[in-house]
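Single-letter residue listing:
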Amino acid sequence: MVTQLGEHYRTNIDNRFVRPALLQLSLDKNVWDSIDALTKNSQTVYQGFALEQLYREIAAAAKLVYLARRDLAPNLRNRINSLGGAGFDRVLRDMAVNNFRPNLNVFAEMLNKLYTTLVGMDESDRKNGRLPLYTQMPELVDVNRYLTE
């Protein structure tokens, strides 16, 4: 699931046409680093995932989805058109802009599925009355809202 999520993100969200506009979103470096860790997971695939870190990366990606829906998607065409370009690049740019919102929604659905799968695993892995990890992480409070709005 994580590999597919990363491939979708790199191909459809963080592509060369949309990236300049994405970088204008008000996200701090730690959030971008977490998104990169989640979507460019070459080392993690071999080493496994730390649940707490994966939760943090999902929370960061959920913030990106929320802000991109709220601040970027409504005026993406204006932001991208100001960059210029002609010919085949213009066609590809128009395709990226026209499909940004649906691709962002697919990304959000994939993130939500990963998150709910992890929560289910976290719930079933409780030992000795221990609370699931996700209930102890305040950064996860808005994840469902960010991904489903």
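Residues numbered from 1 in each chain as written. Predicted model: local features only at pLDDT ≥ 70, side-chain atom pairs only at ≥ 80, totals over all residues. Heavy atoms only, no water.

Trainee: Would you mind showing me how to read the overall build of the protein chain here?
Mentor: From N to C terminus, the protein chain includes nine helices and zero strands. Listed by position from the N terminus, the elements making up the protein chain come as α-α-α-α-α-α-α-α-α. Within the protein chain, the proportion of its 149 residues that are buried is 40%. At a minimum sequence separation of 6, the contacts of the protein chain that also span at least 24 residues come to 79%. Accessible area for the protein chain stands at about 8400 Å²; split by element, carbon and sulfur atoms hold 50% of it. (Helix = DSSP H or I, 4+ residues; strand = E, 2+ residues; numbered from the N terminus. Buried < 20%, exposed > 50% of the residue type's maximum accessible area, 1.4 Å probe, protein only. Contact = heavy atoms within 4.5 Å. Areas by Shrake-Rupley, 256 points an atom, 1.4 Å probe, with all protein chains shown as cover.)

Trainee: What is the right way to look at the packing of helix H1 (residues 2-13) against helix H3 (residues 29-39) in this model?
Mentor: For any two helices packed against each other, one specifies the inter-axial angle together with the distance between the axes. For the pair H1 and H3, the least separation of the axes is 8 Å and the interaxial angle reads 120°. On H3, the residues touching Val 2, Leu 5, Gly 6, Tyr 9 and Arg 10 of H1 are Trp 32, Ile 35, Leu 38 and Thr 39. The residue makeup of the contact of H1 with H3, split by class, is six nonpolar, two polar and one charged. (Axes fitted to C-alpha atoms, helices over the stretch in contact; angles between N-to-C directions. Nonpolar A, V, L, I, M, F, W, Y, C, P; charged D, E, K, R; others polar.)

Trainee: Would you mind showing me how to read the side chain of Asn 103 here?
Mentor: On the secondary structure map, Asn 103 appears in helix H8 (residues 100-124). Its relative accessible area of 16% is what places Asn 103 among the buried residues. Not counting the four nearest positions on each side in its chain, Asn 103 is found in contact with His 8, Asn 12 and Ile 13.

Trainee: Please clarify how the packing of aromatic side chains should be interpreted in this entry.
Mentor: Inspection of the entire model under this criterion finds three aromatic pairs. Ring geometry for Tyr 9 and Phe 107: centres 5.3 Å apart, planes at 35°, overall tilted. Placement of Tyr 9 in helix H1 and of Phe 107 in helix H8 is noted, with a sequence separation of 98 residues between them. Phe 107 sits in the buried class, given a relative accessible area of 0%. Summarising the aromatic geometry, the rings of Tyr 66 and Tyr 146 are spaced 4.5 Å apart at their centres and angled 25° between planes, so their arrangement reads as stacked. Here Tyr 146 lies in helix H9 (residues 143-148) and Tyr 66 lies in helix H5 (residues 51-72), a separation of 80 residues in the sequence. A cation sits over an aromatic face here: Arg 145 above Tyr 66, 5.6 Å from the ring centre. (Phe/Tyr/Trp six-rings, centres within 6.5 Å; stacked < 30°, edge-to-face > 60°. Lys NZ or Arg CZ within 6 Å of the ring centre and 35° of its normal.)

Trainee: How should I be thinking about H3 in this particular structure?
Mentor: Residues spaced three or four apart along an α-helix face the same direction, because each turn holds 3.6 residues. Among the residues making up H3, those that are buried are Val 31, Trp 32, Ser 34, Ile 35, Leu 38 and Thr 39. One side of H3 holds all its buried residues, which, seen down the axis, span an arc of 160°. Exposed side chains of H3 directed beyond 90 degrees from the buried face belong to Lys 29 and Asn 30. In this fold, the buried residues of H3 make contact with H1, helix H2 (19-22), H5 and H8. Where H3 starts, the residue carrying a side-chain oxygen 3.2 Å from the main-chain nitrogen of Asn 30 turns out to be Asp 28. (Arc of directions from axis to C-beta. Polar contact = N/O pair within 3.5 Å; in protein donor to acceptor, adjacent residues only side chain to side chain.)

Trainee: It is not clear to me how the packing of H1 against H8 should be interpreted in this structure. Could you clarify?
Mentor: The contact between H1 and H8 brings their axes to 10 Å, and the two run at 165°. Considered as vectors, H1 and H8 are oriented roughly antiparallel to each other. The handedness of the crossing between H1 and H8 is left-handed. Along the contact surface, H1 presents Val 2, Gln 4, Leu 5, His 8, Tyr 9, Asn 12 and Ile 13, while H8 presents Phe 100, Asn 103, Leu 104, Val 106, Phe 107, Met 110, Leu 111 and Leu 114. By residue class, the composition of the contact of H1 with H8 is eleven nonpolar, four polar and no charged. (Parallel < 35°, antiparallel > 145°, perpendicular 65-115°, else oblique. Left-handed = near helix turned anticlockwise from the far one by under 90°.)

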